[in-house]
Structure formats: structure tokens, C-alpha cells
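# Structural overview
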Amino acid sequence: MSDGTAASFAEGSAPDQASSTPLHMLDAGAQARLVREGGVTATRLVEASLARIDAVNPAVNAIVRRMDDEALAAAAAADRAVAEGRPLGPLHGVPVTIKINIDQQGHPTDNGTAVYRDLIAPADNPVVANLKRAGAIVVGRTNAPVYSMRWFTDNTLHGPTYNPWHRDLTVGGSSGGAAASVATGMVAIAHGNDIGGSVRFPAMCNGLVGLRPSYGRVPSFNATAKGGGSVAAQLMAVQGPLARTVRDTETAFRAMAVPHVDDPRTRPMVGDHPAGPRRAAVVSTAGWPDCHPAVRDAVDRAATALAAAGWAVEEVVPPALDEIHDMWAEICIPDIMTLLAPAIAAAGDENIRVAVDYWQRAWPRELTQGDALAAVARRHGMLRLWQRFFETWPVLVMPVSLEPAFHRLADIRSPEEARRIMRAQGPLMVISVLGLPGLSVPTGLAGFNVEGHDVTMPTGVQLVAAPEREDLCFAAGRDIEAAMPRLGVVDPRPGF
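Residues numbered from 1 in each chain as written. Predicted model: local features only at pLDDT ≥ 70, side-chain atom pairs only at ≥ 80, totals over all residues. Heavy atoms only, no water.

### Section: the sheet that holds strand β1 (residues 63-66)
Spatial strand order, β1-β3-β2-β4-β6-β5-β10-β11-β9-β7-β8: 11 strands in an open sheet with mixed pairing. The open sheet has two free edges, formed respectively by β1 and β8 (312-315), since each of these has just one partner strand. Mean inter-strand twist for the sheet, computed between neighbouring axes without regard to direction, equals 30°. Set on the sheet, helix α9 (residues 246-256) makes contact with β4 (189-194), β5 (209-212), β6 (238-243) and β10 (438-450); between it and β6 the angle comes to about 150°. (Pairing = 2+ DSSP bridges. Helix = DSSP H or I, 4+ residues; strand = E, 2+ residues; numbered from the N terminus. Axes fitted to C-alpha atoms, helices over the stretch in contact; angles between N-to-C directions. Contact = heavy atoms within 4.5 Å.)

### Notes on the packing of aromatic side chains
Per the counting criterion, the structure on display carries 10 aromatic pairs. Ring centres of Phe-152 and Phe-406 lie 6.2 Å apart, and the angle between their planes is 35°; this geometry places the pair in the tilted category. Here Phe-152 is found in the loop between β3 (137-142) and α6 (176-183), whereas its partner Phe-406 is found in the loop between β9 (395-399) and α14 (415-424), with 254 residues between them in sequence. Aromatic pair Trp-386 and Phe-390: ring centres 6.0 Å apart, planes at 70°, arrangement edge-to-face. Of this pair, Trp-386 and Phe-390 both sit in helix α13 (residues 369-392), separated by four residues, roughly a single helical turn. Exposure class is identical for Trp-386 and Phe-390. Each is buried. An aromatic cluster is present here, built from Trp-151, Trp-328 and Trp-359 joined pairwise through their rings. Above the ring of Tyr-162, the side-chain terminus of Arg-167 is found at 3.7 Å from the ring centroid. In this structure, Arg-279 packs its charged tip against the face of Trp-393, placed 4.3 Å from the ring centre. (Phe/Tyr/Trp six-rings, centres within 6.5 Å; stacked < 30°, edge-to-face > 60°. Buried < 20%, exposed > 50% of the residue type's maximum accessible area, 1.4 Å probe, protein only. Lys NZ or Arg CZ within 6 Å of the ring centre and 35° of its normal.)

### Digging into a negative patch on the surface
Negative charge collects at one region of the surface, where Asp-297, Asp-300, Glu-314 and Glu-315 lie side by side. Secondary-structure elements contributing two or more residues to the negative patch are α10 (293-308) and β8. (Patch = residues over 30% accessible without salt bridge, like charges linked within 9 Å, V, L, I, M, F, W, Y side chains within 5 Å. Areas by Shrake-Rupley, 256 points an atom, 1.4 Å probe, with all protein chains shown as cover. Salt bridge = Lys/Arg side-chain N within 4 Å of Asp/Glu carboxyl O. Lys, Arg positive; Asp, Glu negative; His and termini not counted. Charge placed at Lys NZ, Arg CZ, Asp CG, Glu CD.)

### Considering unusual backbone geometry
Of the consecutive residues Gly-173 and Ser-174, the connecting peptide bond is found in the cis state with omega at 5°. Phi is positive for Ala-320, which is not a glycine, with a value near 55°. Along the chain, Ala-320 turns up in the loop between β8 and α11 (321-347).

### Overview of the state of the cysteines
Counted according to the given criterion, the structure contains zero disulfides. Free cysteine Cys-332: the closest other cysteine sulfur is in Cys-205, separated by 20 Å. For Cys-332, a relative accessible area of 2% translates into the label buried. No disulfide involves Cys-473; its sulfur sits 19 Å from the nearest other cysteine sulfur, which is in Cys-291. Residue classification places Cys-473 among the buried positions, given a relative accessible area of 0%. (Disulfide = S-S within 2.5 Å.)

### Section: the environment of Met-67
In this structure, Met-67 sits in the loop between β1 and α4 (68-83). Using a relative accessible area of 4% as the deciding quantity, one classes Met-67 as buried. For the pair Met-67 and Gly-216, spaced 149 residues apart in the sequence, the C-alpha separation amounts to 30 Å. Excluding anything up to four places from it in sequence, Met-67 contacts Gln-104, His-107, Val-138, Val-139, Gly-140 and Arg-141.

### A word on the packing of α11 against α13
Between α11 and α13, whose axes approach to 9 Å, the crossing angle comes to 140°. The angle between α11 and α13 falls in the class oblique. As α11 packs across α13, the resulting crossing turns out to be left-handed. Here Leu-321, Glu-323, Ile-324, Met-327, Glu-330, Ile-331, Pro-334, Asp-335 and Thr-338 of α11 come into contact with α13, specifically with Gln-369, Asp-371, Ala-372, Ala-375, Val-376, Arg-378, Arg-379, Met-382 and Trp-386. For the contact of α11 with α13, the class distribution of residues is 10 nonpolar, two polar and six charged. (Parallel < 35°, antiparallel > 145°, perpendicular 65-115°, else oblique. Left-handed = near helix turned anticlockwise from the far one by under 90°. Nonpolar A, V, L, I, M, F, W, Y, C, P; charged D, E, K, R; others polar.)

### Digging into the nonpolar core
Trp-151, Trp-328, Trp-386, Leu-396 and Leu-434 are the most contacted members of the largest nonpolar core, which has 103 residues in total. Element by element, the count of residues in this core is highest for α11, at 12 residues. Residues in contact with Trp-328, not counting those within four places in the same chain, are Ile-195, Gly-196, Met-236, Ile-333, Trp-359, Met-422, Met-429, Ser-432 and Val-433. (Core = buried A, V, L, I, M, F, W, Y, C linked by side-chain atoms within 4.5 Å.)

### Considering the environment of Gly-426
When you line up the elements, Gly-426 lands in helix α15 (residues 426-434). Judged by its relative accessible area of 0%, Gly-426 is buried.

### Describing the pattern of salt bridges
Going through the model one piece at a time under the given rule, you end up with 27 salt bridges. As a salt-bridge pair, Asp-479 and Arg-278 come within 3.0 Å of each other at their nearest N and O atoms. With Asp-479 in helix α16 (residues 470-483) and Arg-278 in the loop between α9 and β7 (279-282), this pair connects stretches of sequence that are 201 residues apart. You can call Asp-479 partly exposed: its relative accessible area is 21%.

### Describing the pairing of β7
Relative to β8, β7 is paired through four bridges, and the arrangement is parallel. Residue pairing for β8: Ala-280 is matched across the bridge by Val-313. For the handedness criterion, the β-α-β arrangement of β7, α10 and β8 is classed as right-handed. (Right-handed = clockwise from strand over helix to strand, strands pointing away.)

### A word on the layout of surface pockets
In this structure, the largest pocket spans a volume of roughly 1,400 Å³. Along the wall of the largest pocket there are 39 residues; nearest its centre are Asn-222, Ala-225, Gly-229, Ser-230 and Ala-233. Elements supplying a minimum of two residues to the lining of the largest pocket: β4, α8 (231-236), β6 and α11. No other element matches α11, which puts four residues into the lining of the largest pocket. Across the lining of the largest pocket, the residue classes tally to 17 nonpolar, 16 polar and six charged. (1 Å grid on protein atoms, 1.4 Å probe; cavity = no way out; pocket = protein on both sides within 12 Å on 5 of 7 lines; lining within 4 Å. Points joined across faces, edges and corners; volume = space filled by probe spheres on them.)

What is shown is where atoms sit, not what they do.
Here you go:
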């Protein structure tokens, strides 16, 4: 018999139905276990999720489209499946959220843009279908910046999403609504996507675990999309989960990673890899001398945790960090902006126009399509160097960003601020360019100063491995997680 705590559920003991633990505080694994074992119905789980949305979403504005009736109908169907003894997926009955830039049948794929508010999806994106197939129940759609093109989350269609830890600091982007929905306990798992850090950075800003899978791991296809995707998107854009624990993140990833005919990039997972040596390289100030002290401390804490868990840990700088960082801009800015600039001019709000203008002005010279082609040509050689690096050091521990969370308006203040942010996001961009798996893992709380105000916010590190070796990221992540204070569910806190 459980003692009624969330921890006891997570350990797998039989749940006490009289427990006073709020369901929204349980991890997804514990929620699914309760449904399977009859400790709670899926309907009750969804009702608890909707009640939590009522309580906290007005303060953070993470979920911008609710699906109460649809979610309750899906929960009733999930309960019938349990009653009839049918096979149940790993997320059976678990409430989740989906980002507004991914197709979900019967709902608009508005991508934070007013002109698309009535762009109704005729079918589910494969990543949505995969989550549903695993038993997850979608309760709402989460906010993103216009065209999902900022590390900050706001738009004039839905308004800003606020960081529940501090209202005036960025919630991250572009999966900021996804992160806030998990951090505040509206759901235990959220869908996000990542081309330059859009899962990993919000995870860090909110004290979560967030996975950028390897290129080709998780399928995606929007039937609402017109024309082909940019080269940058085809090389770097991936779908991934955010959760409060490494275990939930891995479960969600495995549920998402089922190949689909509409995404020719995806391929099946072929079974478990051999574990290999427990060796981890660590890089912070040795690779980035301008790394913020709070970020350096987070990396040091993670390295100490791994060493205590039996990993061989050494400070090692991986190849060509600055060159690969520059390659992100060389590929993305000419390529994405060529396709997006007309759309932003026609349909974007003022903030995205300013942000993108500052992005382009953040570099010492104008970047051209020739730069993009040259960078794509060099990319293969850079990946070869990193794969050789992983032969010796299977896991790399590095910053998520070189700075903690920025002020939520920082990227639209000046080209100089945009340049600072682009520099700080270098660790995110490097991993995107190479198509590697990157797992953001929280390392507790840290105090630092933002614009003259002392704040306490979550910090985290990024764990990186060779292509298709998410398992190594999860293994290291579990050891770091075990050594850190658990942040759990946060109630929205006041700002400055």
C-alpha cells in the first residue's frame, strides 16, 4: 500500500486511491500506472488537468486553445479500453499538450499568426498520431512566437507566455508555451520542436528535461503546409518532448519515434545499443570563455554528479565550436529568411519583424545563399570530426545557453542585444547544425542578476551524444537527475 506521495507512485508501488496527492503533481509514468492498475480513471486525470489549467493558465498563458470536450471524450474511450481489457499504450490516459505549429485534426495550425487562425488541419501530424497511439490525451495547444522563430514566446494573436518562475524573464522559445504547461503541472508531457534550441532552451528556463532527438528519429508532416521546406529545416528541424523527469522524456520520445510514410527522413529504431564506456567530456569556459558563472556552475555540478556515479569525466573541448556556431547562421539566415521574409512582411507582427531584422544585423556581414551552400558542404566534415570525438567520449556535457534566462523583451531591443543572444545560444546551434541528440537536464536553482534585479531561476546542462544515441543522453541524464534537488511543479510566481 502506498503512503500516498507522488514519490511512492513513481517508484511503482500500488497507488492508494485515498491519497491526497494532487494528480497534476504526478509524473506521466505514475499517472499511466494509476490508470492501468485501476487507481484512477483517465477521465479523472483529464478533469484534474483541466482544473489545473483553470487555476494557473490565466497567469502564464501557455495553452492558447483548450480542447475540454474532445479530451473528455477521449478519456471516456480510454476508460472503456481499460474496462474491456484491451492492450494499453505506455501513455494511456495521460494528458499532454501540442504546439500550435503542428497539425492536429480539426484545429487551426496558426503558428502564432493571425492570418492562419482559420487554417484547419485535415489530419493529425504523425507526431500527434504517435502520441495518441501511445494512449496520450491532448488537452490543449500551446503558444509559440510568430512562425516559431524566436527564443522568446509572444505574438499579437495569442499574447505573451510568461515564465512561471519569473514573469519578466523569458519562458524560452519557440516551445515556450509547451514548457510552461509542464512546469506548472497542467500536463506532465508536452510536444515541442527544435531547429535552433526551441525545446532545449525552454526546458532550461523552466527547470525541465527537454529532448532534441537526432535528425530522422521522430516523423513530422503538416498537410496544411504549402510548398517545400527550407534546406535548414530539412537538415535541422526535429520534434521532441518536454517533461519533468528523464524517465517521462524517454517514454514520450519512444512513443513519438514511430516512422511514418509522409516523412522520408525517419527510420525505425533497431533495438538497444550496447552501453559502452561511461566516459563524459565536459566543456564550458574552456570552449566558451564568456560563459556566465551560473552556467559554468551548472556544468560543474553535472560533471560532479557523473563522476560520483562512476563516470570518467574530463574537461575536453570538442572540435570547431565557433566555426559550427557560425554555420548555423550561414545556413539558416539566408535559407529560412529567403522563404520567410515575404511571409513575415505580409503576416508577421511588429515584434517578429524587429527580431528577424536584428538577427540579420547581428552578424558582421550580410549572409548570402552562397554562404549557405558553402556551409552545407562543410557540415559533413564537421560531423565526421565529432563522430570521431564520440569514439573516445560517448557523452558530452555542455551549456544549454552561455547565459541564464534573458529578459523576455531582450531580443527586440537592439541589434547589439540580438548579437549577444546569438552568441549565447551558440551551444544550442552547434548541436542543431550537426543533427545530434541533445538533452537538456535541470541542475537546480541559481541566483543571478538580470538588469539590476537579483533573481533565482532554474539552471541546466545539455547532454550530447553521437547520432541515434539518445540512450546515452538518457543514461547520463538519470545520474545527474538523481544527484540534483527535484524542482517538481511550480505555481506561477510574481515578477520584479
